[in-house]
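Reading the structure
The residues making up each chain are set out below.
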Amino acid sequence: MVSSLQHKTVSALLWSFLQTAVQKGLQFVIGIILARLLFPEQFGLIGMLALFMAVIQAFLDSGFGAALIQKREVTKTDTCSVFYFNILVGLVAACLLSLAAPWIADFYNQPILTPLTRALSLTCVINSFGIIQQTLLTKQLDFKIQTKVGLIAGSLSGTVGITLAMLDFGVWSLVVQHVSAAFVSVVCLWVFSPWRPALIFSFKALGNMFGFGSRLLLSSVLNQIFDNIYLVVIGKLFSATDLGYFARAKSLNDIPSQSLSEMAGRVMFPVFSTIQDDPVRLKVGFKKALIFLGLVNFPMMIGLAVVAHPLVLVLLTDKWAPCVEYFQLLCVGGVLYP
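Residues numbered from 1 in each chain as written. Predicted model: local features only at pLDDT ≥ 70, side-chain atom pairs only at ≥ 80, totals over all residues. Heavy atoms only, no water.

1. Re the overall build of the protein
Of the regular secondary structure elements, the protein holds 15 helices and zero strands. Seen through its principal axes, the protein has C-alpha atoms that stretch 55 × 45 × 35 Å. Expressed as a percentage of the 338 residues in the protein, the buried residues total 49%. When contacts within the protein are restricted to residue pairs at least 6 apart in sequence, those whose partners lie at least 24 apart make up 84%. Averaged over its 22 positive side-chain charges, the protein has a centre that lies 10 Å from the centre of its 15 negative ones. (Helix = DSSP H or I, 4+ residues; strand = E, 2+ residues; numbered from the N terminus. Buried < 20%, exposed > 50% of the residue type's maximum accessible area, 1.4 Å probe, protein only. Contact = heavy atoms within 4.5 Å. Lys, Arg positive; Asp, Glu negative; His and termini not counted. Charge placed at Lys NZ, Arg CZ, Asp CG, Glu CD.)

If you want it as structure tokens, here you go:
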């Protein structure tokens, strides 16, 4: 049993690494191309909405996805109940975000944020249709399909975004990229995943998972607020251009600092869930994972801080030079991310 679990874990880690490399690699390349085609102010406008979109996405899953992964025996009633609940939350979230759009625009004194917010709210509804499929694939440690989905969605949405940027659509090229990425991902998940919903719903099933899921929801919401509150403050007190520099530096920092931890976390959570009743093995496994992440992450982030100036100038050109100092500071903070 231990040997089988180790084999599945190693295989899942390899596929999770490939998935992360594909998605983050595409994200990095497409981000570089868009940064060359667009201006810091346009990235800053999207950055102003980052906190709202991140918190809404956290509520969209409602913690039930993690609860399904942690639960030993998952029934069709469980998955269908969460599926329909997610769609309801997605619709409500999109409506609330659309209604709040004028207030958000007034808060930043940027009228264009009203249509931008309403357009991005579509991702709430779209993503709600694919959460269960992705959750079940993660629970089964099937990252091969998720790698395919990420490759297809990233390539198509990136191509759309770059094409629109070349046609001078400005900030709308970023919005359409986000929306198209969500749509293509959900379509691919429905094509590749065998799971299909049935006309079943149970409040009791949701209630049984709420105890665990609600704690994960609270943790996720607090984490998203912590990660994105800087964007709100900078966007309010400074210009969209200043926020664009910070958002680009944060994006460059997040790819290496978070990718490794996210890759390991996606695998270790379902793996640790299978040994949740063995605290000794759980503690040993957690310690090994943390040591490995630290040994890789520390030199990587320090190295990026050292070469930040030439790296930014070569990849993003001189117009992004002001983001170098932000990037270096974020790299120092990224050392402790694991």
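More follows now that the structure is in view.
2. Quick look at the nonpolar core
Most often, soluble globular proteins have nonpolar side chains that are buried together. Ranked by internal contacts, the top residues of the largest apolar core, which has 60 residues, are Leu 34, Leu 113, Val 312, Leu 316, Trp 320 and Phe 327. When residues in this core are grouped by element, the largest group, seven residues, is from helix H12 (residues 240-274). In this structure, Leu 316 is in contact with Ile 32, Ala 35, Arg 248, Leu 252 and Cys 323, ignoring residues within four places of it in sequence. Residues Phe 64, Ala 67, Ile 132 and Trp 195 belong to the second largest nonpolar core, which totals twelve residues. (Core = buried A, V, L, I, M, F, W, Y, C linked by side-chain atoms within 4.5 Å.)

3. Re the side chain of Thr 138
Summarising the element assignment, Thr 138 is placed in helix H8 (residues 131-139). A residue is classified by how much of its surface remains accessible, and Thr 138, at 10% relative accessible area, is buried. Here Gln 146 takes part through its side chain, which lies 3.2 Å from a polar atom of the side chain of Thr 138. When near neighbours in sequence (up to four residues on either side) are disregarded, Thr 138 contacts Ile 69, Phe 143, Gln 146, Arg 266 and Pro 270. (Polar contact = N/O pair within 3.5 Å; in protein donor to acceptor, adjacent residues only side chain to side chain.)

4. With respect to the packing of helix H2 (residues 40-48) against H12
Between two packed helices, what matters for the description is the angle formed by their axes and the separation of those axes. Between H2 and H12, whose axes approach to 7 Å, the crossing angle comes to 80 degrees. Here H2 is positioned roughly perpendicular relative to H12, judged by the angle of their axes. Contacts between H2 and H12 pair Pro 40, Glu 41, Phe 43, Gly 44, Leu 45, Gly 47 and Met 48 from the former with Ala 240, Thr 241, Leu 243, Gly 244, Tyr 245 and Arg 248 from the latter. Looking at the contact of H2 with H12 residue by residue, the class counts come to seven nonpolar, four polar and two charged. (Axes fitted to C-alpha atoms, helices over the stretch in contact; angles between N-to-C directions. Parallel < 35°, antiparallel > 145°, perpendicular 65-115°, else oblique. Nonpolar A, V, L, I, M, F, W, Y, C, P; charged D, E, K, R; others polar.)

5. Quick word on the pattern of salt bridges
Under the defined criterion, the tally for this structure stands at one salt bridge. Lys 250 is the partner of Asp 254 in a salt bridge, and the nearest nitrogen-oxygen pair spans 3.0 Å. One end of the pair is Asp 254 and the other is Lys 250, both in helix H12 and four residues apart, which spans about a single turn. No difference in accessibility class separates Asp 254 from Lys 250, as the two residues are buried. (Salt bridge = Lys/Arg side-chain N within 4 Å of Asp/Glu carboxyl O.)

6. Concerning helix H14 (residues 308-316)
Of the residues making up H14, those classed as buried are Ala 308, Val 312 and Leu 316. Across the axial projection of H14, the buried residues extend over an arc of 30 degrees, all falling on one side. A positive backbone phi angle near 75 degrees is found at Thr 317, which sits one or two residues after H14. (Arc of directions from axis to C-beta.)

7. Looking at a nonpolar patch on the surface
Together, Leu 151, Ile 152, Leu 156, Phe 183, Val 187, Val 191 and Phe 192 give the surface a local cluster of nonpolar side chains, amounting to about 600 Å² of exposed area. For the nonpolar patch, the elements supplying multiple residues, two or more each, are helix H9 (143-166) and helix H10 (171-192). In terms of residue count, H10 provides more of the nonpolar patch than any other element does, four residues in total. Of note, Phe 183 is situated in helix H10. Overall, the relative accessible area of 51% leaves Phe 183 in the exposed class. (Patch = residues over 30% accessible without salt bridge, like charges linked within 9 Å, V, L, I, M, F, W, Y side chains within 5 Å. Areas by Shrake-Rupley, 256 points an atom, 1.4 Å probe, with all protein chains shown as cover.)

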